[in-house]
Amino acid sequence: MAEHTIATSRVGGTWPWFLQRLTAVLLLVFITLHLFIAHFWHVGEEISVDSVSERLRDVAYIVVDLGMLVSVIFHALNGLRTVLFDFDMFVKRKKMLDIGLLVLGIATTVWGIVILLPFLEG
Amino acid sequence: MKLSGFKWLFGRNSEFWPTNIKTGMWAWIGHRVTGLILVAYIFMHLSFLSQAMLGADKFDSLMEVTAQPLMVFLDFLLICAVIFHAMNGLRIILFDMGIGIRHQKVIFWISMAIAAVLVVAAFWAIWDLVFVPAEAV
């Protein structure tokens, strides 16, 4: 039973633990902004490529979008890593998991940036 | 193997029987379940937005589908998951800073009370889009 009582932060490392908290606080701000902008200010408004393009002319939207993209992907994949460690999975193959998640995270971030392009051109 | 062979694991006296799970454990389970739902959602969200790369008409027609009452209601369920995860996450951060660990149960219920208020606000926000017929808005 002893190995089950080890705190996850000790298995996962201090930096991932700290960055998970930092991105949590950032996401709290970003998601509150995101929900208010998308669902309260523009409630019932039609969403189309044109209307999103119009909004994205403001650089502040792009900065918030990119900040949210990076934070959310880190928080999601590092959260997944924590859950796997909770169930004693990949604890002995930590490096393999880390490389896999890093590649997935970078690929998803690039994907997230690329899909914004049609809106910026529009 | 007979199903009753798993009694020690899932039976009335096991630690996984709902009434034997303590508050802190429920919070932990809830945080994991909502976390995994939100990870799945993020990838779905990005794939939906990717439709714009196939053409403006593809994206616009998909957005019309997502504006339907059932989809907006699913949005509401998503927001409930976000609210639970955020409020319990704040509770975890408090404990990390050494605040309130001894009162974790009370803090759980306070965070859930705040979450309930936010859920009601979210329900109010979607009301017109889900329950009022489109021609009446």
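Computed from a predicted structure; not experimentally measured.

Here is what the cut-offs are and how they apply
Residues numbered from 1 in each chain as written. Chains lettered and ligands numbered in written order. Predicted model: local features only at pLDDT ≥ 70, side-chain atom pairs only at ≥ 80, totals over all residues. Helix = DSSP H or I, 4+ residues; strand = E, 2+ residues; numbered from the N terminus. Rg over C-alpha atoms; globule rule 2.2 N^0.38 Å. Buried ≥ 20, exposed ≤ 12 C-beta atoms within 10 Å, placed from the backbone. Core = buried A, V, L, I, M, F, W, Y, C linked by C-beta atoms within 7 Å. Contact = placed C-beta atoms within 7 Å. Nonpolar A, V, L, I, M, F, W, Y, C, P; charged D, E, K, R; others polar. Expected span 1.5 Å × (residues − 1). pLDDT = per-residue confidence, 0-100. Axes fitted to C-alpha atoms, helices over the stretch in contact; angles between N-to-C directions. Parallel < 35°, antiparallel > 145°, perpendicular 65-115°, else oblique. Left-handed = near helix turned anticlockwise from the far one by under 90°.

Comments concerning the overall build of chain B
- When helices and strands are counted, chain B shows 5 helices and 0 strands.
- For chain B, the sequential pattern of α-helices and β-strands runs α-α-α-α-α.
- Computed over C-alpha atoms, the radius of gyration of chain B comes to 20 Å, more than 25% over the 14 Å expected from 2.2 N^0.38 for 137 residues, which places it beyond the range of a compact globule.
- Once the C-alpha set of chain B is aligned to its principal axes, its extents read approximately 55 × 45 × 30 Å.
- Within the span of chain B, comprising 137 residues, buried residues form 13% of the whole.

Concerning the overall build of chain A
- Within chain A, the secondary structure is distributed over 6 helices and 0 strands.
- Starting at the N terminus and walking to the C terminus, you meet the elements of chain A as α-α-α-α-α-α.
- Sorting the 122 residues of chain A into buried and exposed places 14% on the buried side.

Overview of unusual backbone geometry
All names here are of chain A.
- Backbone geometry at Asp88 places phi at a positive 60°, although glycine is not the residue there.
- Relative to the elements of secondary structure, Asp88 occurs in the loop between helix 4 (59-86) and helix 5 (94-114).
- What makes Asp88 exposed here is the crowd of 12 C-beta atoms within 10 Å.
- The backbone phi angle of Phe90 is positive, close to 65°, even though this residue is not glycine.
- As for its position among the elements, Phe90 is in the loop between helix 4 and helix 5.

Comments concerning the nonpolar core
- Core analysis: the biggest nonpolar cluster contains 7 residues, these being Ile79(B), Val82(B), Ile83(B), Phe84(B), Ala86(B), Met87(B) and Ala122(B).
- Counting residues per element, this core draws most heavily on helix 4 (residues 69-96) of chain B, at 6 residues.
- Residues in contact with Ala122(B), not counting those within four places in the same chain, are Phe76(B) and Ile79(B).
- Grouped together as the second largest cluster of nonpolar side chains are 5 residues, Leu27(A), Val72(A), Ile73(A) and Phe74(A) included.

Looking at the interface of chain B and chain A
- At the interface, 23 residues of chain B touch 22 residues of chain A.
- Those elements giving two or more residues to the side of chain B that touches chain A turn out to be helix 2 (23-49), helix 3 (56-66), helix 4 and helix 5 (104-131) of chain B.
- Of the residues contributing to the side of chain B that touches chain A, the split by class is 17 nonpolar, 3 polar and 3 charged.

Re helix 4 of chain A
- The first and last C-alpha atoms of helix 4 of chain A sit 40 Å apart over 28 residues, in line with the 40 Å expected at 1.5 Å per residue.
- Downstream of helix 4 of chain A by a residue or two, Asp88(A) has a phi angle that is positive, lying close to 60°.

Things to note about the confidence of the model for chain A
Residue and element names in this part refer to chain A.
- When pLDDT is averaged across chain A, the result is 87; 89% of the residues are at 70 or more.
- Mean pLDDT across the secondary structure elements of chain A bottoms out at helix 1 (residues 8-12), with 70, and peaks at helix 5, with 97.
- This stretch, residues 1-6, has a pLDDT under 50; its non-local contacts, to residues over four places away or in other chains, come to 1 contact.

Observations concerning the packing of helix 4 of chain A against helix 5 of chain A
Residue and element names in this part refer to chain A.
- Across the interface, helix 4 lies against helix 5 with an axial gap of 10 Å and an inter-helix angle of 155°. In terms of orientation, helix 4 and helix 5 fall into the roughly antiparallel class. The way helix 4 lies across helix 5 gives a crossing that is right-handed. Contact residues: helix 4 offers Leu69, Val70, Ile73, Phe74, Leu77, Arg81 and Leu84, while helix 5 offers Leu97, Leu101, Leu104, Gly105, Thr108, Thr109 and Gly112.
- Taken together, the residues of the contact of helix 4 with helix 5 sort by class into 9 nonpolar, 4 polar and 1 charged.

Re helix 4 of chain B
- Over its 28 residues, helix 4 of chain B extends 40 Å from the first C-alpha to the last, a length consistent with the 40 Å expected when each residue adds 1.5 Å.
- Directly after helix 4 of chain B, the chain includes Gly98(B), whose backbone phi takes a positive value near 80°.

So, the packing of helix 4 of chain A against helix 2 of chain B
- Running from N to C, helix 4 of chain A and helix 2 of chain B cross one another at 135°; their axes reach a closest spacing of 10 Å. Between helix 4 of chain A and helix 2 of chain B, the crossing angle belongs to the class labelled oblique. In terms of crossing hand, the pair formed by helix 4 of chain A and helix 2 of chain B is left-handed. In this structure, helix 4 of chain A uses Val72(A), Ala76(A), Gly79(A), Leu80(A) and Val83(A) to contact helix 2 of chain B, whose residues at the interface are Arg32(B), Gly35(B), Leu36(B), Leu38(B), Val39(B) and Ile42(B).
- In terms of residue class, the contact of helix 4 of chain A with helix 2 of chain B is built from 8 nonpolar, 2 polar and 1 charged.

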